[in-house]
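Secondary and tertiary structure notes
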Amino acid sequence: EGCNSIFMVLVVWEIDLQAMLFAAQGNKVAGMFHRQKIPVADYLWNKARVHFGGRLHSREAGIKPFIASVRNGFSGYYLPDQDHGEEHSEFVPFFSTYKATLPAIGRLMKVCKAAIVPLFPVYDHKNHHCLLYTSPSPRDRQKSRMPSSA
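The structure reproduced in this document is the subject of the present report. (Residues numbered from 1 in each chain as written. Predicted model: local features only at pLDDT ≥ 70, side-chain atom pairs only at ≥ 80, totals over all residues. Heavy atoms only, no water.)

Notes on empty space enclosed by the protein
One water molecule sets the probe size; rolling that probe over the atoms shows where empty space is left. Let me state the cut-off plainly: Site definitions follow a grid-based scheme: protein atoms alone, a 1 Å grid, a 1.4 Å probe that fits but cannot get out for cavities, and for pockets an open set with protein on both sides within 12 Å along at least five of seven lines, plus lining residues having an atom within 4 Å of a point. Grid points are joined across faces, edges and corners, and a volume is the space filled by probe spheres set on the points. Think of it as three bins: nonpolar holds Ala, Val, Leu, Ile, Met, Phe, Trp, Tyr, Cys and Pro, charged holds Asp, Glu, Lys and Arg, and polar takes everything else, Gly as well.
Considering all chains together, one arrives at one cavity of 30 Å³ or more under this definition. As for the largest cavity, its lining consists of M32, R59, F66, Y77, Y78 and L79. By residue class, the composition of the lining of the largest cavity is five nonpolar, no polar and one charged.

The following block contains the structure:
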């Protein structure tokens with residue numbers, strides 16, 4: 001609290017759910033999106049993403065609008081596994097394979113004057129809850145429980 005933050009989120013099936021739950025609880029959230037190939041799907045996804053508030057920034061518009069939102073007090077919602085080709089991406093070990101990522105999180109942290117908070121979502125199918133594990137530092141692990149029906 002009291003400082004800018006960027007949630008670094010893994011790409012998983014419920015990827016949009018966490019940002020929508022944060023926004024539904026009154027938190028200001030900003031994220032970037034990639035346009036869908038089917039215009040109707042693109043419209044519906046983006047309509048759902050902003051239903052509870054927040055800001056969406058198209059990747060086509062670049063990173064500057066996202067940075068401005070984080071500087072203005074919105075929590076950033078950042079997906080690190082992005083493939084922008086061999087020239088711009090780094091390929092790093094990810095479980096039993098390699099994934100592409102942009103070496104940008106350190107620069108984002110500096111220009112946004114933000115703390116980076118890794119966010120690990122897990123769906124608890126027995127209790128129908130989305131469990132969000134955060135790791136602000138290796139010594140300070142906490143678990144936040146958010147009902148998936150929000």
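Back to the text.
Quick word on helix α2 (residues 39-49)
So the rule is basically this: When accessible area is computed with a 1.4 Å probe and restricted to protein chains, residues below 20% of their type maximum are described as buried, those above 50% as exposed, and intermediate ones as partly exposed. Helix and strand definitions follow DSSP, with helices as H or I runs of at least four residues and strands as E runs of at least two, each counted in order from the N terminus. Note that the arc is computed from the directions linking the helix axis to the C-beta atoms. Whether two residues touch is decided by their heavy atoms; if any such pair falls within 4.5 Å, the residues are in contact.
Looking at α2, one finds that the buried residues are D42, N46 and R49. All buried residues of α2 fall inside an arc of 55 degrees around its axis, so they share one side. Away from the buried face of α2 by more than 90 degrees, exposed residues V40, L44 and K47 are located. Buried residues along α2 sit in contact with α1 (15-24), β2 (29-33) and β3 (55-58).

As for the pairing of strand β4 (residues 75-78)
Just so we agree on the cut-off: Strand pairing follows a simple DSSP-based rule, namely that at least 2 bridges must link the two strands.
Burial along β4 is two-sided: S75 and Y77 facing one way and G76 and Y78 facing the other are all buried. Pairing of strand β1 (residues 4-9) with β4, which is carried by three bridges, proceeds in the parallel orientation. Residue pairing across strands places I6 opposite G76, the latter belonging to β4. Examined bridge by bridge, β2 and β4 share three bridges and lie parallel to one another. Among the inter-strand pairings, V29 is bridged to a residue of β4, identified as S75.

Some remarks on the side chain of D42
On the secondary structure map, D42 appears in helix α2. D42 sits in the buried class, given a relative accessible area of 11%.

Section: a nonpolar patch on the surface
Keep this limit in mind: Residues enter patches when they are more than 30% accessible in relative terms and free of salt bridges; like-charged ones are connected within 9 Å and nonpolar ones (Val, Leu, Ile, Met, Phe, Trp, Tyr) within 5 Å. Method for areas: the Shrake-Rupley scheme with a 1.4 Å probe, in which residue coverage is limited to the protein chains shown. Note on definitions: salt bridges are taken to be side-chain nitrogens of Lys or Arg within 4 Å of carboxyl oxygens of Asp or Glu.
A surface patch of nonpolar side chains, amounting to about 450 Å² of accessible area, comprises I38, V40, Y43 and L44. Tracing the sequence through the fold places V40 in helix α2. A relative accessible area of 57% means that V40 is categorised as exposed.

As for the packing of helix α3 (residues 64-71) against helix α4 (residues 105-112)
Packed helices, taken two at a time, are described by the angle between their axes plus the distance between the axes. Selection rule: Every axis in this analysis is a line fitted to C-alpha atoms, fitted for helices over the stretch in contact. Angles between the N-to-C directions lie between 0 and 180 degrees. Between 65 and 115 degrees an angle is taken as roughly perpendicular, under 35 as roughly parallel, over 145 as roughly antiparallel, and anywhere else as oblique. Crossing handedness is read from the near helix: turned anticlockwise from the far helix by less than a right angle, it gives a left-handed crossing, and turned clockwise, a right-handed one.
The geometry of α3 relative to α4 is characterised by a closest axis approach of 9 Å and an angle of 50 degrees between their N-to-C directions. The angle between α3 and α4 places the two elements in the oblique class. The element α3 and its partner α4 pack so that their crossing is right-handed. Each of F66, I67, V70 and R71 in α3 lies in contact with α4, whose residues at this interface are L108, V111 and C112. Here the contact of α3 with α4 is built from residues that sort into six nonpolar, no polar and one charged.

Concerning the pairing of β3
Taken together, the four bridges between β2 and β3 define a ladder with parallel strand orientation. Following the sheet pairing, A30 is matched in β3 by R55.

Notes on the packing of aromatic side chains
To keep things clear, this is the line we draw: Note on aromatic contacts: the rings of Phe and Tyr and the six-membered ring of Trp form a pair at centre separations within 6.5 Å, being stacked when their planes are under 30 degrees apart, edge-to-face when over 60 apart, and tilted otherwise.
All told, the structure shown has one aromatic pair when counted by the stated rule. Ring geometry for F7 against F22: centres 5.0 Å apart, planes inclined by 10 degrees, an arrangement best described as stacked. Of this pair, F7 sits in strand β1 while F22 is found in helix α1, placing the two residues 15 residues apart along the sequence.

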